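# Survey of secondary and tertiary structure
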Amino acid sequence: MSDDGVAEVAARLAAARRRLRAAEASAGRPPGSVRLLLATKTMEAAVVRAALVADRDGTDRPAGELPVLVGENRVQELVAKAPELADLAPGWHVIGPLQSNKVNAALRWAACVQSVDDLALAERLQRRCEAVDRTLEVLVQVNVSGEATKSGVPPAAAADLAVRVAALDRLRLRGFMTIGARSPDEGVVRAGFAALRDVRDEVLARGAPGTADAGELSMGMSGDLEAAVAEGATLVRLGTAVFGARPAAPA
Ligand SMILES: *Cc1c(COP(=O)(O)O)cnc(C)c1O
């Protein structure tokens, strides 16, 4: 990667952080209360490295704020990039649909799976964790917009699923994830994020075993991070804001 390319990624990351700080401030939330996850799909390992090094060495990360996390949609990309970035030891999250035949490969690298949206997947993750004697952080993905193209459990079924996932002893339920509504209406987008917060609050209020640490709200991307932060996001997932436009998907 060229020096210019590295500098550009670093500058975009700094700008994304400023945007996040501004969103926290206008939502009346303390600086650093929302963590940043870099959504690295389609980006080469060298580009991700530039962002991780800028995060580690840069001066724009406020003292006490946690380092960025990284998230991959496709297991194939995860297993290709993670070894190349192992020296930087980023925390990898799976943020895309996880097919059952990819669970073993994903668990070689993932610290967290954010896309748990049915019990069968959760049980498969549990069994794999038993086999390799580890635990795994998970988020339950909720489809707050009801759009057919989006993964996730419907909001009305989300709390029950979360309670059952939390009962699996190898899985640590940390909270909830959603992809915001694809709408130009800010009110619609915010209502979706508020619905995810309601699910979380319901689960915390029920107090079922294993749910005490389920406070995380992974919501907000490059186009809607302000709305998500205003509705209580604790983790935003940014791709294009940090890496620039993705190449068009192959036909
Ligand atoms: C691609 C992706 C993101 C980041 O999207 P941008 O609009 O590029 O910021 C976040 N979350 C998920 C699940 C994604 O697939």
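Residue numbers run consecutively from 1 along every chain, following the written order of its sequence. Residue-level local features of this predicted model are given only where pLDDT is at least 70; pairs of side-chain atoms are given and counted only at 80 or more, and the full residue set underlies all totals for whole chains, interfaces and linings. Computation of side-chain values: all heavy atoms of the structure, hydrogens and water removed.

Put simply, helix H6 (residues 155–166) and helix H7 (residues 186–206) touch, their axes get as near as 9 Å, and they point 40° apart. Crossing angle aside, the handedness with which H6 passes H7 is right-handed. Across the interface between the two elements, Pro155, Ala158, Ala159, Asp160, Ala162 and Val163 of H6 pack against Val199, Glu202, Val203 and Arg206 of H7. For the contact of H6 with H7, the class distribution of residues is seven nonpolar, no polar and three charged. Axis definition: a line fit to C-alpha positions, over the contact stretch in the case of helices; interaxial angles, taken between N-to-C directions, run 0 to 180 degrees. To qualify as a helix, a DSSP run of H or I must reach at least 4 residues; to qualify as a strand, a run of E must reach at least 2; elements of each kind are numbered from the N terminus. Put simply, a crossing is left-handed when the front helix is turned counterclockwise from the back one by less than a right angle, and right-handed when it is turned clockwise. In what follows, residue pairs with any heavy atoms lying within 4.5 Å of each other are defined as contacts. Throughout this entry, Asp, Glu, Lys and Arg are counted as charged residues, while Ala, Val, Leu, Ile, Met, Phe, Trp, Tyr, Cys and Pro are counted as nonpolar. The remaining residues, Gly among them, count as polar.

This brings us to unusual backbone geometry. Backbone geometry follows two general trends: most residues other than glycine have a negative phi, and most peptide bonds adopt the trans configuration. Backbone geometry at Thr42 places phi at a positive 70°, although glycine is not the residue there. With a phi angle near 50°, Asp133 is a residue other than glycine that sits in the positive phi range. Burial here depends on accessible area, computed with a 1.4 Å probe over protein chains only, as a share of the maximum for the residue type. Under 20% is buried, over 50% is exposed, and the range in between is partly exposed. Given a relative accessible area of 58%, Asp133 falls into the exposed group.

With that out of the way, let us pick up the pairing of strand E5 (residues 136–141). Across the six residues of E5, five count as buried, placing the element largely inside the fold. Any two strands with at least two DSSP-identified bridges between them are counted as paired. The sheet contact formed by strand E4 (residues 110–116) and E5 spans three bridges and is parallel. Bridging across to E5, Cys112 finds its partner in Glu137. Handedness is read with the strands pointing away from the viewer; a crossover is right-handed when the path from the first strand over the helix to the second is clockwise. For the crossover from E4 across helix H5 (residues 119–131) to E5, the handedness is right-handed. As paired strands, E5 and strand E6 (residues 171–177) are joined by six bridges and run parallel to one another. Paired with Val138 across the strands is Leu173, a residue of E6. For the crossover from E5 across H6 to E6, the handedness is right-handed.

Next up on the list: the site of the ligand. Around the ligand, the neighbouring residues are Ala39, Lys41, Asn73, Ile95, Ile179, Met221, Ser222, Arg237, Leu238, Gly239, Thr240 and Arg246. Residues adjacent in sequence count toward polar contacts only when both atoms are side-chain atoms; beyond that, a polar contact is any pair of N or O atoms within 3.5 Å, and within protein one must be able to donate a hydrogen and the other to accept it. In the model, an oxygen atom of the ligand is placed 2.7 Å from a nitrogen or oxygen of the Lys41 side chain. Between Arg237 and the ligand, the recorded distance is 2.8 Å, taken from a side-chain N or O atom to a nitrogen atom. Surface accessibility follows the Shrake-Rupley procedure with a 1.4 Å probe radius. Residue values consider only the protein chains on display as shielding. Look at the ligand: alone it shows 390 Å² of surface, and the protein chains cover 90% of it. Looking at the shell around the ligand residue by residue, the classes come out as five nonpolar, four polar and three charged. Residue proximity to a molecule or strand is established when one non-hydrogen atom of the residue lies within 4 Å of it.

Turning our eyes to something else, we now look at the nonpolar core. Only buried residues count toward a nonpolar core. Its members are Ala, Val, Leu, Ile, Met, Phe, Trp, Tyr and Cys residues joined through side-chain atoms within 4.5 Å. Counting residues in each nonpolar core, the largest one holds 72 residues, and the members touching the most others are Leu125 and Phe176. Once residues lying within four places of it in the same chain are set aside, the contact partners of Phe176 are Leu139, Val140, Val142, Ala162, Leu196, Val199, Arg200, Val203, Ala214, Glu216, Leu217 and Ser218.

Our next topic: the pattern of salt bridges. Each reported salt bridge corresponds to a side-chain nitrogen of Lys or Arg within 4 Å of a carboxyl oxygen of Asp or Glu. Within the structure shown, the criterion is met by 17 salt bridges. Where Arg190 meets Glu231, a salt bridge forms, and the shortest distance between an N and an O atom there is 2.7 Å. With Arg190 in helix H7 and Glu231 in the loop between helix H8 (225–230) and strand E8 (235–238), this residue pair connects regions lying 41 residues apart in the sequence. For Glu231, a relative accessible area of 10% translates into the label buried. One salt bridge connects Glu231 with Arg197, and the closest N-O pair in it is separated by 2.6 Å. Linking Glu231 in the loop between H8 and E8 with Arg197 in helix H7, this pair joins segments that are 34 residues apart in sequence. A single network of salt bridges, built from pairs that share partners, joins Glu72, Glu77 and Lys81.

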